[in-house]
Amino acid sequence: MMAIPSLFLAHGSPMLAIEENDYTRFLAELAGRFAPKAIVVFTAHWERPVTTVTSTDGVYETIYDFGGFPDELYQVTYPARGSKAVAAKLIERFRAAGIEAATDSARGLDHGTWTLLHRMYPKADIPVVQASVHPFLPPQEQFKIGESLRGFGEEGVLVIGSGVTVHNLRILKWGQRTPEPWAVEFDDWLIDRLRERNMPQLFDYEREAPHARLAVPRAEHFVPLFIAMGSGDPQRTPEVLYRSYDMGTLSYLCLGF
């Protein structure tokens, strides 16, 4: 069996759960390339000071952690089951790497997880483990979290970092389909450094990347990128899987590692 790459996927607007567009079609096509035994999602919408993973064999609650959307969206559920066995493997890997870790048996799936998986694996028949992020850890530590899971793809486990590269809700251009030049420039810089594997500059993106403060005013949506990268194959050149923009500044850049 070929190893499953680690993915960084943009979850963007929760509306992706019910809209039909190029991005939702891409997600369905992407999912068809893999047949994972389990899925691990590091979501920007679950922050904890200690890396925490869900640990349950039961069916997850679907969390609607947003407001002001059409009623139709709140009718969508994603009744996937968890996996205590996969959660235990994650905890074992984290602790072996010196990373403090914990479990949560009650947490449901937030929209950083279920909106993507609803489009990718709509039958909800693959066990899911959700993992938290700590946005204030340095990028090197984020990468280390992912690195501790390296090789999971060879075991049939799909690791996803769910976030957004350019995510500044305060300056969205409502209705604008063409991207702002600065947003494109930030992603261009990021893609070039990823392909070069220029880790010093990537880890120092706040100072090195153009428009970093505009693109990443707070890091919770950006750090899943480092986790996904760390968990991927270090011999594999990072691949741009999809790229588009909405509302001028919201990036849907997706990457494979």
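Small disclaimer: the values here were computed from a predicted structure and weren't measured. (Residues numbered from 1 in each chain as written. Predicted model: local features only at pLDDT ≥ 70, side-chain atom pairs only at ≥ 80, totals over all residues. Heavy atoms only, no water.)

As for the nonpolar core
The biggest cluster of nonpolar side chains holds 49 residues, and the ones touching the most others in it are Phe42, Leu90, Phe94 and Tyr205. At seven residues, the largest contribution of residues to this core is made by helix 5 (residues 181–196). Apart from residues lying up to four places away in sequence, Tyr205 is in contact with Pro139, Trp189, Ala212, Val216, Ala219, Phe222 and Phe226. If you look at the next biggest cluster of nonpolar residues, it comprises 40 residues, including Met15, Leu27, Ala31 and Met120. (Core = buried A, V, L, I, M, F, W, Y, C linked by side-chain atoms within 4.5 Å. Buried < 20%, exposed > 50% of the residue type's maximum accessible area, 1.4 Å probe, protein only. Helix = DSSP H or I, 4+ residues; strand = E, 2+ residues; numbered from the N terminus. Contact = heavy atoms within 4.5 Å.)

Thoughts on helix 3 (residues 111–120)
Among the ten residues of helix 3, nine are classified as buried, and the element is accordingly described as predominantly covered. Where helix 3 is concerned, the buried positions are His111, Gly112, Thr113, Trp114, Thr115, Leu116, Leu117, Arg119 and Met120. Residues of helix 3 that are buried make contact with strand 1 (7–10), helix 1 (22–31), strand 2 (38–47), strand 5 (128–133) and strand 6 (157–163). The N-capping residue of helix 3, defined by a side-chain oxygen 2.8 Å from the backbone nitrogen of Gly112, is Asp110. (Polar contact = N/O pair within 3.5 Å; in protein donor to acceptor, adjacent residues only side chain to side chain.)

Things to note about the packing of helix 1 against helix 3
Two elements in contact, helix 1 and helix 3, have axes whose closest approach is 7 Å; the angle formed by their N-to-C orientations is 70°. Judged on the interaxial angle alone, helix 3 and helix 1 are roughly perpendicular. Contact residues: Tyr23, Thr24, Leu27, Ala28, Leu30 and Ala31 in helix 1; Leu116, Arg119 and Met120 in helix 3. (Axes fitted to C-alpha atoms, helices over the stretch in contact; angles between N-to-C directions. Parallel < 35°, antiparallel > 145°, perpendicular 65-115°, else oblique.)

Let's talk about the pairing of strand 1
Residues Leu7 and Leu9 point to one face of strand 1 and Phe8 and Ala10 to the other, with burial holding for every one of them. Bridge count between strand 1 and strand 6: four bridges; the pairing is parallel. Within strand 6, the position partnered with Leu7 by the bridge is Ile160. As paired elements, strand 1 and strand 10 (residues 254–256) share two bridges and run antiparallel to each other. In the sheet register, Leu7 faces strand 10, and the bridge partner there is Gly256. (Pairing = 2+ DSSP bridges.)

Observations regarding unusual backbone geometry
With a phi angle near 65°, His211 is a residue other than glycine that sits in the positive phi range. With respect to the helices and strands, the residue His211 is situated in the loop between helix 7 (205–208) and helix 8 (212–215). In this structure, Met247 is a non-glycine residue whose phi angle is positive, near 50°. Counting through the fold element by element, Met247 comes out in the loop between strand 8 (245–246) and strand 9 (250–251). Note on Met247: relative accessible area 11%, which makes it buried.

Describing the pattern of salt bridges
Tallied over the full model, the rule gives 13 salt bridges. The shortest N-O distance in the salt bridge between Arg93 and Glu155 comes to 3.5 Å. Pair noted here: Arg93 is in helix 2 (residues 84–96) and Glu155 is in the loop between helix 4 (139–147) and strand 6, with a separation of 62 residues, a long-range link. Exposure remark for Glu155: the relative accessible area of 34% places this residue in the partly exposed category. Between Asp110 and Arg107 there is a salt bridge, with the nearest N and O atoms lying 2.9 Å from each other. Taking the relative accessible area as the measure of exposure, Asp110 reaches 0% and is therefore buried. A single network of salt bridges, built from pairs that share partners, joins Glu47, Arg218 and Glu220. (Salt bridge = Lys/Arg side-chain N within 4 Å of Asp/Glu carboxyl O.)

The values reported here are purely geometric and, on their own, carry no functional implication.
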